[in-house]
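Residue-level structure breakdown
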Amino acid sequence: MCRELHVCRAGYYKWLHRKKTSEERENEQLALWIKEYDEKFKHTLGYRRMRNYINRDKGKCYSKRRVQRIMGVLGVKSVIRKSRSAYCGSTPETTAENVLHREFEAEKPNEKWATDVTEFKVPMSTRKVYLSAILDFYDKSVVSFVLSNHNDKKLVFDTYNLALKENPDATPLFHSDRGFQYTSKEFQKKLDKQGMKQSMSRVGCCIDNGPTEGFWGIIKSEMYYISEFVNEEELRRAIKNYIDYYNNGRYQERFNNLAPMEVRKAALQSEEPIQYPIPENK
């Protein structure tokens, strides 16, 4: 082996019997933690979130590059998201202007809400489960969500009513796409009654509702695409469990390694909520 690698035998034996440095021992421990968290989160952690979890849970301060380098050596990487399907238009009753205008930052909870509906196919069946959710732009928490087998007005109305039940005094800017549920006069009367101003994405511009579309990508890539479900009941339970994890256990670097609900609870108890600006897109 030494001859083929052009290494002197004396140098090889010196290396073989050397004492490991503290950095090498720490790298070995870090590698074990990376493998542990990769299995625990079903291969959904990239190097940034891997660093965040290890630093917070283990009380360390590893750099992104160090974690990225060791993940590369181990062959550990996050799953890749599937491409989105083509946009399908609809004929709305009435529409609203794009008041939000991609200003996704909020200074406090219940200042800006966004909503949408996505679908999950039930394995070995022609049935679908539709998920309707409302997100708060301040802390990116899921304010409310409802599951149904029908993508109808009741699904959206139930999600809205549940959000108001938890936040009865909330009057946020309410943003959505131009789905038939949101453009209906019945839904707009609900917003007017609560004193909310409505905002809608432009036709074919899903990025106008970027945070909500991003959440759909997260839940599908980190849970749905990498899991196997026996029946619809198991799928529904997995969705509920993931949203609970997202709200209470998925630490985010933007929030200084806090989960969305930790940020939300702290802000609701403070007269001057901490500001978490969105990192500049370079």
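Anything mentioned here points back to the structure above.
Note that the coordinates shown come from a computational prediction; the quantities given were computed from them, not determined experimentally.

**What about the pairing of strand S3 (residues 142–148)?**
Taken residue by residue, a regular strand's side chains alternate between the two faces of the sheet. With 6 of 7 residues buried, S3 is to be regarded as a mostly interior element. The pairing of strand S2 (residues 128–136) with S3 spans 6 bridges and is classified as antiparallel. Within S3, the position partnered with Leu135 by the bridge is Val142. Counting the residues between successive antiparallel strands, the hairpin from S2 to S3 contains 5 residues, one of them, Lys140, with a positive phi of roughly 60°.

**A closer look at helix H4 (residues 47–58)**
Here H4 is 12 residues long and its end C-alpha atoms lie 16 Å apart, about the 16 Å a rise of 1.5 Å per residue gives. For H4, the secondary structure elements touched by its buried residues are helix H3 (22–40), helix H5 (64–74), helix H9 (210–224) and helix H10 (232–248). Gly59 sits one or two residues past H4 and shows a positive phi near 70°.

**Some points on the pattern of salt bridges**
According to the stated counting rule, one finds 17 salt bridges in the structure shown. Residue Lys128 pairs with Glu119 through a salt bridge whose shortest N-O separation is 3.3 Å. As a salt-bridge pair, Glu222 and Arg250 come within 2.8 Å of each other at their nearest N and O atoms. Placement of the pair is Glu222 in helix H9 and Arg250 in the loop between H10 and helix H11 (260–268), with a sequence separation of 28 residues. Exposure class is identical for Glu222 and Arg250. Each is buried. When salt bridges with common partners are traced through the structure, they connect Arg49, Glu222 and Arg250 into a single cluster.

**Some remarks on H9**
Each full turn of the α-helix corresponds to 3.6 residues, which orients residues three or four apart in the same direction. The end-to-end C-alpha distance of H9 is 20 Å, a good match for the 21 Å that 15 residues give at a rise of 1.5 Å each. The buried fraction of H9 is high, at 13 of 15 residues.

**Looking at unusual backbone geometry**
One non-glycine residue, Met124, lies in positive phi territory at about 55°. Mapped onto the secondary structure, Met124 falls in the loop between strand S1 (112–121) and S2. Take Met124: its relative accessible area is 85%, and that puts it in the exposed class. Residues other than glycine seldom take positive phi values, yet Asn257 does so here, at roughly 65°. A relative accessible area of 14% means that Asn257 is categorised as buried.

**Structural notes on the nonpolar core**
Taken as a class, soluble globular proteins show a tendency for nonpolar side chains to be buried jointly. Residues Ile34, Ile219 and Ile239 are the most contacted members of the largest nonpolar core, which totals 40 residues. Only H3, H4, H5, S2, S3, H9 and H10 provide two or more residues apiece to this core. With near-sequence residues (within four places) excluded, Ile34 lies in contact with Met50, Ile54, Val67, Ile70, Met71, Leu74 and Val76. Listed in part, the 20 residues of the second largest apolar core include Val117, Tyr160, Met196 and Met200.

**Digging into the sheet that holds S2**
Spatially, the 5 strands line up as an open sheet ordered S3-S2-S1-S4-S5, and their pairing is mixed. Among the strands making up the open sheet, the edge pair consists of S3 and strand S5 (197–200). The average undirected angle you get between the axes of adjacent strands in this sheet is 20°. Bridge count between S1 and strand S4 (residues 173–176): 3 bridges; the pairing is parallel. Directly across from Trp113, in S4, lies its bridge partner Phe174.

**Some remarks on the packing of aromatic side chains**
As enumerated under the stated definition, the model contains 21 aromatic pairs in all. Between Phe104 and Phe137, the ring centres sit 5.7 Å apart and the planes meet at 80°, which makes this aromatic pair edge-to-face. Taken as a pair, Phe104 in the loop between H5 and S1 and Phe137 in the loop between S2 and S3 lie far apart in primary sequence, 33 residues in all. The pair formed by Phe104 and Phe137 is uniform in burial state, with each residue classed as buried. Taking the ring centre of Tyr251 as reference, the NZ or CZ of Arg56 above it sits at 3.9 Å. Here the basic side chain of Lys220 rests over the ring of Phe120, its NZ or CZ set 5.3 Å away from the ring centre.

So, how was this worked out
Residues numbered from 1 in each chain as written. Predicted model: local features only at pLDDT ≥ 70, side-chain atom pairs only at ≥ 80, totals over all residues. Heavy atoms only, no water. Buried < 20%, exposed > 50% of the residue type's maximum accessible area, 1.4 Å probe, protein only. Helix = DSSP H or I, 4+ residues; strand = E, 2+ residues; numbered from the N terminus. Pairing = 2+ DSSP bridges. Expected span 1.5 Å × (residues − 1). Contact = heavy atoms within 4.5 Å. Salt bridge = Lys/Arg side-chain N within 4 Å of Asp/Glu carboxyl O. Core = buried A, V, L, I, M, F, W, Y, C linked by side-chain atoms within 4.5 Å. Axes fitted to C-alpha atoms, helices over the stretch in contact; angles between N-to-C directions. Phe/Tyr/Trp six-rings, centres within 6.5 Å; stacked < 30°, edge-to-face > 60°. Lys NZ or Arg CZ within 6 Å of the ring centre and 35° of its normal.

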